[in-house]
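Examining the three-dimensional arrangement
What follows is the residue order along each chain.
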Amino acid sequence: MEKGLFITFEGADGCGKTTQLNLLADFLKKSRDVIITREPGAKGLGEKLREILLNYDGEIAPKCESFLFLADRAQHIEQIVKPAINSGKIVLCDRHTDSTAAYQGYGRGLDLKEIHYLNNLATGGLKPDLTIVFDIDIDTSMTRVGVQKDRMESAGIEFFNRVRNGYLEIAKLEPNRVKVIDASKSIDEVFNNLLDIIKPFLLH
Ligand code: Z5A
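Bear in mind that the values here come from a model prediction, so they are computed numbers and not experimental data.

Now for the pattern of salt bridges. A full pass over the atoms with the stated rule returns nine salt bridges. Taking the shortest distance from any N to any O, the salt bridge between Lys 17 and Asp 94 comes out at 2.7 Å. Taken together, the positions of Lys 17 in helix α1 (residues 17-28) and Asp 94 in strand β3 (residues 90-94) put the pair 77 residues apart, joining distant regions of the chain. Accessibility assignment for this pair places Lys 17 and Asp 94 in one class, buried.

Structure follows, in structure tokens:
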């Protein structure tokens, strides 16, 4: 059996990571067993948590928001990610632990050490083999998101700049796991850059 792999896709809203994840899945499916998943809300209970996180119209305290994302993660890891990796699949996941660090930590200002600890608790210590951060300036990403914004997307430009800088900081701290791609380029150019990173990685 081939070794399972866990690859996560990260970046500010509208950076184009979902588009790239789907392109990569199509490319990899020619030779490997691949599953696509996401946080928050892959399926079942997660979908209910996603509905609250993105659409609840009352106030959600930052700590409560973090715990809801972490609850979704704990369920997702047990129900979907671990079984898929253990059966030799490549798991492509749209957002994971670095989203909590970037949005709730750098963005909302919660303690990063605590978030790191809680992320570890939720994942049982399982880490992505590779994480791609799709980096983009906030004006471009907000144009891509469009006028219809959910609860998280309505947080404002200063918040998103903190999130973006948070991702770049995470990449500096963990250069072996986290690779940054300039996501302001065309879809084809970004995908070619993604393949440049993925291909040698798959050979290891
Ligand atoms: N969140 C959190 O705070 N803490 C956590 O722990 C976790 C998540 C796990 C989830 O939102 C929200 O939860 C997210 C972070 C927070 N929100 N905020 N704010 P989501 O799952 O609904 O959506 P998303 O992950 O933020 O992004 P998205 O809507 O899926 O967009 P995307 O993946 O970045 O981009 P896309 O869908 O591939 O593309 C967006 C549009 O741009 C689309 O029309 C594409 O055709 C277009 N596009 C894509 N690439 C290009 C290029 N290269 N050029 C031009 N146009 C492009």
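Having seen the model, we can carry on.
Assignment of secondary structure puts Ala 102 in helix α4 (residues 97-107). Those residues within four positions of Ala 102 in sequence are excluded, and the remaining contacts are Gly 107, Val 163, Tyr 167 and Ile 170.

Turning next to the nonpolar core. Ranked by internal contacts, the top residues of the largest apolar core, which has 23 residues, are Ile 7, Phe 9, Leu 24, Ile 90, Leu 92, Phe 134 and Leu 194. At the level of elements, β1 (5-11), α1, β3, β4 (130-135) and α8 (187-203) are the ones that each hand at least two residues to this core. The dominant element in this core, judged by the number of residues it contributes, is α8, at six residues. With residues near it in sequence (within four places) discarded, Ile 7 still touches Ile 90, Val 91, Leu 92, Cys 93, Leu 130, Ile 198 and Phe 201. Judged by nonpolar contacts, the second largest core, of 15 residues, contains Ile 115, Ile 138, Phe 160 and Val 163.

This brings us to the packing of aromatic side chains. Counting across every chain of the model gives six aromatic pairs. Geometrically, the ring pair formed by Tyr 103 and Phe 159 is tilted, given 6.0 Å between the ring centres and 55° between the ring planes. You can see Tyr 103 sitting in helix α4 and its partner Phe 159 sitting in helix α7 (residues 157-173), a full 56 residues away along the chain. Across this residue pair, the class does not change: Tyr 103 and Phe 159 are buried. Taken together through their ring pairs, the aromatic side chains of Tyr 103, Phe 159, Phe 160 and Tyr 167 make up a single cluster.

Definitions and cut-offs
- Residues numbered from 1 in each chain as written.
- Predicted model: local features only at pLDDT ≥ 70, side-chain atom pairs only at ≥ 80, totals over all residues.
- Heavy atoms only, no water.
- Salt bridge = Lys/Arg side-chain N within 4 Å of Asp/Glu carboxyl O.
- Helix = DSSP H or I, 4+ residues; strand = E, 2+ residues; numbered from the N terminus.
- Buried < 20%, exposed > 50% of the residue type's maximum accessible area, 1.4 Å probe, protein only.
- Contact = heavy atoms within 4.5 Å.
- Core = buried A, V, L, I, M, F, W, Y, C linked by side-chain atoms within 4.5 Å.
- Phe/Tyr/Trp six-rings, centres within 6.5 Å; stacked < 30°, edge-to-face > 60°.

Remember that the coordinates give geometry; whether it matters functionally is a separate question.
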